[in-house]
Amino acid sequence: QILKQESIEKPVLAGHSYGFMPIVDYAVCSKNVSTIIGICGSYKFSETTNSVGCWLFNNVLRYFEFAGSAGMWFYHKLKGEERDKSPDQSSPTSEFNLWTSIIDTSFEKVRARMIAGPEIHKWDITMQLKELETPMLLIYGNKDVMVYPRAGREIKEMTKGETYISILPGKHS
């Protein structure tokens, strides 16, 4: 709706992790995408990710996010400052800094992720990928313990368009 309202034609879209899936769906349905960039993207989480890691993430770590959100709220109150509505998660200096930027958000956002996380693991966009003709760049970390680089190789095999895979030194974030 935003792209249509703003009359944006053929944008380049990037999606990280879960965010890769809606981009592929949009590209197939609208044909209004020039390029897709997927960072650690999967297509069927139940088969292409670390199932134990995802289970722990959704059933244990999400509760730590909730507790961490409360702690960050208290931290900001003690310092007499407002909590940033949209903390910057784009360039963390460490995995710990990424986690603190994720938890430094409202209880409502954390609760929404607690509900959405397990549902997203049921998604399967295999059929959309088989129809995709949009050029794509997929980026994976060689030490990613959540989404394995083999997901990119499988995506490349099933798409019709040009797909490039880059495996870089790094983790999921």
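Structure report, in brief. (Residues numbered from 1 in each chain as written. Predicted model: local features only at pLDDT ≥ 70, side-chain atom pairs only at ≥ 80, totals over all residues. Heavy atoms only, no water.)

**Thoughts on the overall build of the protein chain**
1) Next: Check the secondary structure of the protein chain and you find eight helices and four strands.
2) Next: When the helices and strands of the protein chain are listed from N to C terminus, the series reads α-β-α-β-α-α-α-α-α-β-α-β.
3) Next: Its C-alpha atoms give the protein chain principal-axis dimensions of roughly 55 × 40 × 30 Å.
4) Next: Residues classed as buried in the protein chain amount to 39% of the 173 residues present.
5) Next: Long-range contacts, defined here as pairs at least 24 residues apart, represent 70% of the contacts in the protein chain between residues at least 6 apart.
6) Next: Roughly 10400 Å² of accessible area belongs to the protein chain as shown, and the carbon and sulfur atoms make up 60% of that amount. (Helix = DSSP H or I, 4+ residues; strand = E, 2+ residues; numbered from the N terminus. Buried < 20%, exposed > 50% of the residue type's maximum accessible area, 1.4 Å probe, protein only. Contact = heavy atoms within 4.5 Å. Areas by Shrake-Rupley, 256 points an atom, 1.4 Å probe, with all protein chains shown as cover.)

**Describing the nonpolar core**
1) Next: Counting residues in hydrophobic clusters, the biggest one holds 23 residues, and the most contacted among them are Phe20, Ile36, Ile125, Leu129, Leu132, Met136 and Ile155.
2) Next: No other element matches the six residues that helix 2 (residues 20-30) contributes to this core.
3) Next: Apart from residues lying up to four places away in sequence, Leu129 is in contact with Val24, Tyr43, Met136, Ile155, Met158 and Thr159. (Core = buried A, V, L, I, M, F, W, Y, C linked by side-chain atoms within 4.5 Å.)

**Notes on the packing of helix 4 (residues 51-79) against helix 6 (residues 107-120)**
1) Next: Between helix 4 and helix 6, the least distance of the axes is 9 Å, while the angle of their chain directions is 175 degrees. For the element pair helix 4 / helix 6, the angle class is roughly antiparallel. Contacts between helix 4 and helix 6 involve Asn58, Arg62, Tyr63, Glu65, Phe66, Ser69, Ala70 and Trp73 from the former and Phe107, Val110, Arg113, Met114, Gly117 and Pro118 from the latter. (Axes fitted to C-alpha atoms, helices over the stretch in contact; angles between N-to-C directions. Parallel < 35°, antiparallel > 145°, perpendicular 65-115°, else oblique.)

**Focus: helix 8 (residues 150-158)**
Turn by turn, an α-helix covers 3.6 residues, leaving residues three or four places apart pointing in a common direction.
1) Next: Along helix 8, the positions that sit buried rather than exposed are Ala151, Gly152, Ile155 and Met158. Relative to the axis of helix 8, the buried residues are bounded by an arc of 130 degrees and lie together on one face. (Arc of directions from axis to C-beta.)

**Describing the sheet that holds strand 1 (residues 12-16)**
1) Next: Strand order in this open sheet of four strands is 1-2-3-4, and the pairing throughout is parallel. The sheet is open, and its two borders are formed by strand 1 and strand 4 (163-168), each paired with just one other strand. Within this sheet the neighbouring strands show an average axis-to-axis angle of 15 degrees, counted without direction.
2) Next: Pairing between strand 2 (residues 35-39) and strand 3 (residues 136-141): four bridges, direction parallel. Bridge pairing in strand 3 links Ile39 to Ile139.
3) Next: Against the sheet, helix 2 touches strand 1, strand 2 and strand 3, its axis set at about 150 degrees to strand 1. (Pairing = 2+ DSSP bridges.)

**Comments concerning the pattern of salt bridges**
1) Next: Tallied over the full model, the rule gives one salt bridge.
2) Next: Across the pair Glu154 and Arg150 runs a salt bridge whose closest N-O atoms are separated by 2.6 Å. Taken together, the residues span about one helical turn, with Glu154 and Arg150 both in helix 8 at a distance of four residues. (Salt bridge = Lys/Arg side-chain N within 4 Å of Asp/Glu carboxyl O.)

**A short note on the pairing of strand 3**
1) Next: Note that strand 3 and strand 4 share six bridges and pair parallel. From the neighbouring strand, Leu137 faces strand 4, where its bridge partner is Tyr164.
2) Next: Crossover handedness for the path strand 3 to helix 8 to strand 4: right-handed. (Right-handed = clockwise from strand over helix to strand, strands pointing away.)

**Details of the side chain of Asn32**
1) Next: Along the chain, Asn32 falls in the loop between helix 2 and strand 2.
2) Next: In terms of polar contacts, Asn32 uses its side chain to reach the backbone amide nitrogen of Lys10, at 2.7 Å.
3) Next: Polar contacts involving the side chain of Asn32 include one to the side chain of Tyr26, which spans 3.3 Å.
4) Next: Not counting residues within four places of it along the chain, the set of residues in contact with Asn32 comprises Leu3, Ile8, Glu9, Lys10, Pro11 and Tyr26. (Polar contact = N/O pair within 3.5 Å; in protein donor to acceptor, adjacent residues only side chain to side chain.)

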